[in-house]
Amino acid sequence: MSAARSLPHPAPARFRPRPIGVIFIKSGAIFDQLRRLPTAPHDRAQALPARHAAQPHWRAHKMKKILLAAAVSAAFGISGVQAAEDITVDVAVIGAGGAGLSAAVEAANLGAKVVVVEKMAMPGGNTIRAAGGLNAPCTSLQAAKGVQDSLEIAYYDTMKGGHWKNDPELVRTLVAGAGPSVEWLLALGGDLRDVGLLAGASKARAHRPTGGALVGPEVVRTLYTAAKDRKIDMRMNTEATKILTDDGKVTGIQVKSKKDGTYTIHAKAVVNAAGELVSKYVPRLKGFATTNHPGAQGEGIVLSEKIGAQLVDMTEIQTHPTVVPKVGEMITEAVRGNGAVLINKDGSRFYNELNTRDAVSAAILKQKDGVAYLFFDSDMQKSLKATNNYIKQSYCLKGETLDELAGKMGVPADKLKASLEAWKQGKAAGKDAFGRADMPRNLDQAPFYAIMVTPAVHHTMGGVKIDPKTQVYNTKGQIIPGYFAAGEITGGVHGGNRLGGNAQADIVTFGRIAGQQSYIYAMQAAAADKAKK
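Residues numbered from 1 in each chain as written. Predicted model: local features only at pLDDT ≥ 70, side-chain atom pairs only at ≥ 80, totals over all residues. Heavy atoms only, no water.

J.: Honestly, the side chain of Ser378 in this entry has me stumped. Any pointers?
T.: With respect to the element layout, Ser378 can be found in helix α11 (residues 378-382). Residue Ser378 is classed as buried on the basis of its relative accessible area of 6%. Sequence-distant contacts of Ser378, defined by excluding residues within four places in its chain, comprise Gln445, Ala446, Pro447 and Tyr449. (Helix = DSSP H or I, 4+ residues; strand = E, 2+ residues; numbered from the N terminus. Buried < 20%, exposed > 50% of the residue type's maximum accessible area, 1.4 Å probe, protein only. Contact = heavy atoms within 4.5 Å.)

What follows is the structure, encoded as structure tokens:
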């Protein structure tokens, strides 16, 4: 079987990425339940080590999440009940997060019969926890804000952020396809009209909902609505347990439904878009908290290994620097991007808050007790809707004066004041003592806020080896016919460190490509089968 061919798509000659077509279609009904749920997942924060499970506050927190899953399932109209019988489709998609839903919608747009299986009770995966934004250069929304960006700058930022360990061709595909991915989501009815700056980026290219609200719920809402509008068969509480092959070609998946047992989905092509967290490859991270959802256990990697898939960059595990200790809630990077600073227990600022995640995490861990405070004022808070929930929580300290807040933080008031005065002077002079280039606010408007944070395991940069068409390779360096992958299960896109905002760009961009290429392969396979008869 020949490799899947490309769809036509114009791109700058210097990059020549694989295609990502922009398809304009009518958006479906809007689901607002996620935003109204008072305990909806914020960013990608939840799971803590087992030692916390016995603590009363953690049991209550866990029960709240269980109830949330049931509530969101009801909000999405998901029963989780399907008939336990074998079925035949063109494309089978594993995982109903951002990558899987993007692949499913794109394949359906092209005419494929698609089924999506998701082992959890609701769609969304880690995507629904994302907060910061979707990085995309050269968009009309950037231009409207006067942001002068380019594919070359975005490529450089991503490669530099990944310590030049990234696969260059995958990065070229990412940066060239991210802009069209934003336009595609907008055409589907999504709201990504706010543009901001995230750590590691030299330009404001993080697209998010109006006012700086959480990006993940909006992406999931948009894609899930599009999938329902296309009557895509989505099966919740259904886990892929085996990838089926015949003479080296992928022919479908075996799945297990919690209600109806095991059955087979015959498919011409399979897209694996399972969200993964595989920290077993880095023993030093054992016991760390994680921001990932409970379903991200690495089964997609295991299934891929069993059919001979090649893995890359599996020791590259990222920590997110700003997670609330014991609570497990991740504070979006956009808080720092919009002006917040880090203060240690001595009341002093100690690092460039907009450096890459691994560098900021390392700097925090060097501070007393391995923690720091995110400090911001009312001006910053009002600039970012994502903070509206944070300031209501008990972990967020508030003071009408710096003296009051310093007392609640347990830091010397004089040092806190001196740190903020130095920040203000640096901003006025255009030169920060720690090399921060973007200093958007004076941070002098009461009331003032502080949230204690520490790093937690966040993202596995490694995964199955793919090419720009999302075709999966085996350990011999050969394409596995009929097998495609997109999103967190893949490796090579982010190298040694992922920039905030690049995950959403990754899952939608490569998810769309996987949908396109799996459709093409399925049609080619069907034609070949017909010719044999």
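J.: Explanation requested: unusual backbone geometry in the structure shown.
T.: Negative phi characterises most residues that are not glycine, and trans characterises most peptide bonds. Going from Ala446 to Pro447, the amide bond is cis rather than trans, its omega being 0°. Positioned with a positive phi, Cys138 is a non-glycine residue whose angle comes to about 65°. Here Cys138 is to be found in the loop between β3 (134-135) and α4 (140-144). In this model, Lys231 sits at a positive phi of 55°, which is unusual for a non-glycine residue.

J.: Looking at this structure, I do not really get the sheet that holds strand β16 (residues 463-465). What am I missing?
T.: Note on sheets: strands pair through backbone hydrogen bonds, and any given pair is parallel or antiparallel. Taking strand neighbours across the sheet as the criterion, the three strands line up as β10-β16-β19 in an open arrangement whose pairing is mixed. Across the chains shown, the open sheet's two edge strands, defined by having one partner strand only, are β10 (311-312) and β19 (490-491). As defined by bridge partners, β16 adjoins β19 across two bridges and the pair is classed as parallel. Counted as the bridge partner of Val464 is Thr490 from β19. (Pairing = 2+ DSSP bridges.)

J.: Please clarify how the sheet that holds strand β4 (residues 194-196) should be interpreted in this entry.
T.: The strand order across the open sheet built from three strands is β3-β5-β4, with neighbouring strands paired in antiparallel fashion. Edge positions in the sheet fall to β3 and β4, since each of these pairs with one other strand and no more. As paired strands, β3 and strand β5 (residues 206-208) are joined by two bridges and run antiparallel to one another. Paired with Leu134 across the two strands is His207, which belongs to β5.

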